[in-house]
Amino acid sequence: MCSNVNLEIDRYNYKFSTTYGTYNNDKAINFNKLREDTGFITFDPGLKNTGITKSSISFIDGRKGILLYRGYPIEQVIDKCSFLETSYLILNGELPDSIDIDNFSKKIKKFNFLDEEILSISNKIPKECHPMGILSSLINLLTIFNIKNEDKYLYLLAKMPILASLAYRIKRNLTPPCTDQKSYYTSNLLKMLFSEKNREHKPNYIIIDALDKLLILHADHEQNCSTTTVRLLGSSHTNLYSSVSAGINALWGKRHGGANQEVIEMLENILKSGGNLKKWINKAKNKKDPFRLMGFGHRIYKNFDPRAQIAKKIAEDLIKKLNISDPILDLAKNLEKYALSDSYFKEKKLYPNIDFYSGIVYQAIGIPKNMFTVMFALGRLPGWMAHWKEIRNNNDPIGRPRQIYIGNKKRNIIKCG
Ligand code: CMC
């Protein structure tokens with residue numbers, strides 16, 4: 001471990017201290033006085049080398065393919081915890097005992113209803129809108145009605161599935177979702193999505209389990225684009241609901257959570273056009289073509305994304321247990337094999353990410369493509385809230401990066417005539 005780093009600029013020597021995390025390969029040079037001392041700033045588009053905070057929520061080792069939630073490996077969390085237990089862990093730092101989880105679940109159920117005011121405003125939403133746009137707008141509306149709510153984390157955990165189901169149902173001209181007080185969180189979600197006017201949906205336990213596991217896989221992933229968005233809003237002391245609403249919008253983009261919808265659309269296109277994998281791989285490698293192999297590559301993982309491996313297993317198990325065949329799953333597995341044997345993908349260390357297999361699970365459950373990213377948002381909610389809580393508890397300074405200005409020099413307006 002080195003405690004100081006020397007930087008030489010124009011023959012002057014500057015000394016900067018260092019910061020280390022729990023693991024010593026998580027290390028940073030403390031540049032918070034860099035501009036004050038040297039006049040320089042760091043230039044790091046995409047923030048690829050910039051640590052913006054200290055955090056104790058999740059840990060990723062991208063070279064080894066490790067993901068920990070509050071210290072617990074994702075593989076153990078998936079095997080031993082429910083999504084609600086995982087949410088409790090992520091929000092509070094420790095796993096709940098049976099009394100804790102019972103209280104947690106009861107408090108969430110207290111808010112398990114669709115607010116009349118939200119419903120009346122939602123009647124005006126055109127069904128052509130994308131469900132991610134509908135969801136972020138509805139979550140932002142909570143600000144108007146519930147800004148002083150003390151149990152804001154549990155309130156939001158209760159409202160997200162209701163508003164996600166409302167978004168789904170608006171798109172289909174269906175009656176508003178009916179909440180069920182008796183069901184477990186994920187079962188309630190499936191009922192709210194798929195029940196019809198005179199027919200209550202009874203979700204299959206195999207499907208509840210698969211969806212619950214996918215929500216767990218999405219629960220947190222340190223400083224990704226949407227979480228950083230939520231933290232940034234938290235740093236300016238914007239309220240929780242508006243911060244999460246902004247996170248939903250950040251997630252929507254196809255380089256981030258929107259990739260899960262794009263993956264299935266890409267696989268369907270490959271299948272429709274005859275399944276020529278070589279052609280599609282060459283297209284992804286062609287720098288003149290904007291196409292990228294969706295569901296491949298990650299900023300941090302330069303090895304297998306452990307979530308992708310678990311999602312693949314969930315997809316395989318689900319398809320088997322439901323006794324259905326899915327040509328898209330077979331194609332995805334072949335495409336993965338093909339890409340991983342290609343030198344371009346090997347050299348650039350591009351592996352399947354979480355979004356490569358998650359859409360196959362959603363599809364088997366009966367969730368339409370434009371709702372895939374909404375499902376991701378439901379899973380990511382505990383992570384967003386924990387980061388918002390952490391930034392407020394740490395009292396981190398407001399996020400305010402610098403820039404290198406490359407526009408015009410000062411000039412005068414000269415009007416003719
Ligand atoms: N297909 C083809 N080439 C790729 C891909 C891909 N999917 N991903 C990265 N590359 C190439 C890229 O062109 C670049 O090549 P070069 O060095 O020759 O310029 C190199 O690999 C490094 O890529 P990058 O874009 O600089 O890496 P990044 O860390 O900025 O981007 C990424 C990461 C996830 C945005 C990117 O890999 C990507 O666009 N993947 C496809 C979209 C996707 O699956 N997104 C989901 C991410 S995981 C879930 C989530 O976080 O939401």
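About the criteria used
All chains use their own residue numbering, which begins from 1 and follows the written sequence. Under the rules for a predicted model, residues below a pLDDT of 70 receive no local features and side-chain atom pairs below 80 are neither given nor counted, while totals for whole chains, interfaces and linings still include all residues. Water and hydrogen atoms were dropped before computing side-chain values, which therefore reflect all heavy atoms in the structure. Two strands are counted as paired when DSSP detects at least two bridges linking them. Only DSSP runs of H or I reaching four residues or more are called helices, and only runs of E reaching two or more are called strands; each is numbered from the N terminus. Here, nonpolar core refers to any group of buried Ala, Val, Leu, Ile, Met, Phe, Trp, Tyr and Cys residues whose side-chain atoms link them within 4.5 Å. Burial here depends on accessible area, computed with a 1.4 Å probe over protein chains only, as a share of the maximum for the residue type. Under 20% is buried, over 50% is exposed, and the range in between is partly exposed. We call a residue near a molecule or strand whenever a single non-hydrogen atom of that residue lies within 4 Å of it. Polar contacts, as used here, are pairs of N or O atoms within 3.5 Å; protein pairs need one atom able to donate a hydrogen and one able to accept it. Residues neighboring in sequence count only if both atoms are side-chain atoms. Each accessible area value is a Shrake-Rupley result obtained with a 1.4 Å probe; residue values ignore everything except the protein chains displayed when judging cover. Residues are grouped as follows: Ala, Val, Leu, Ile, Met, Phe, Trp, Tyr, Cys and Pro are nonpolar; Asp, Glu, Lys and Arg are charged; every other residue, Gly included, is polar. Think of it this way: Lys and Arg go in the positive column, Asp and Glu in the negative one, and His and the chain ends go nowhere. Each salt bridge in this description consists of a side-chain nitrogen of Lys or Arg and a carboxyl oxygen of Asp or Glu lying within 4 Å of one another. We call two residues contacting when some pair of their heavy atoms lies within 4.5 Å. In this analysis, the expected span of each helix is defined as 1.5 Å times one less than the number of residues it contains. The reported bend at a residue is simply the angle between two axes, fitted to the 7 residues ending at it and to the 7 residues beginning with it.

Draft legend 1. Structural context of the sheet that holds strand E6 (residues 72–73). Strand order in the open sheet formed by three strands is E4-E5-E6, with antiparallel pairing between adjacent strands. Each end of this open sheet is capped by a strand with a single partner; those strands are strand E4 (58–61) and E6. Bridge count between strand E5 (residues 66–69) and E6: two bridges; the pairing is antiparallel. Each bridged residue has a counterpart across the sheet, and for Tyr69 the counterpart in E6 is Tyr72.

Draft legend 2. Up close: the nonpolar core. Core analysis: the largest hydrophobic core is formed by 115 residues, its most contacted members being Leu156, Met160 and Leu293. Among the elements that line this core, the one with the most residues is helix H7 (residues 152–171), at 14 residues.

Draft legend 3. Highlighting the site of the ligand. Around the ligand sit 23 residues, and of these His256, Leu293, Gly295, Arg299 and Tyr344 come closest. Within the backbone of Gly257, one N or O atom sits 3.3 Å away from an oxygen atom of the ligand. Considered on its own, the ligand offers 930 Å² of accessible surface; in the complex 77% of this is hidden by protein. Class assignment of the residues belonging to the shell around the ligand gives a composition of nine nonpolar, six polar and eight charged.

Draft legend 4. How the structure looks around the side chain of Asp212. Among the secondary structure elements, Asp212 is positioned in helix H9 (residues 205–217). Nearest to the buried, unbridged Asp212 among oppositely charged side chains is Lys213, at 6.9 Å. Among the polar contacts made by the side chain of Asp212, one reaches the main-chain amide nitrogen of Phe83 at a distance of 3.0 Å. The contacts of Asp212, once residues within four sequence positions are left out, are Ser82, Phe83, Tyr184 and Thr186.

Draft legend 5. Region of the structure containing helix H18 (residues 372–394). For H18, spanning 23 residues, the distance from its first C-alpha to its last is 33 Å, which sits close to the expected 33 Å at 1.5 Å a residue. Of all the bends in H18, the largest measures some 45 degrees and sits at Arg380, one to four residues before the proline Pro382. One or two positions beyond H18, positive phi appears at Asn395, with a value near 55 degrees.

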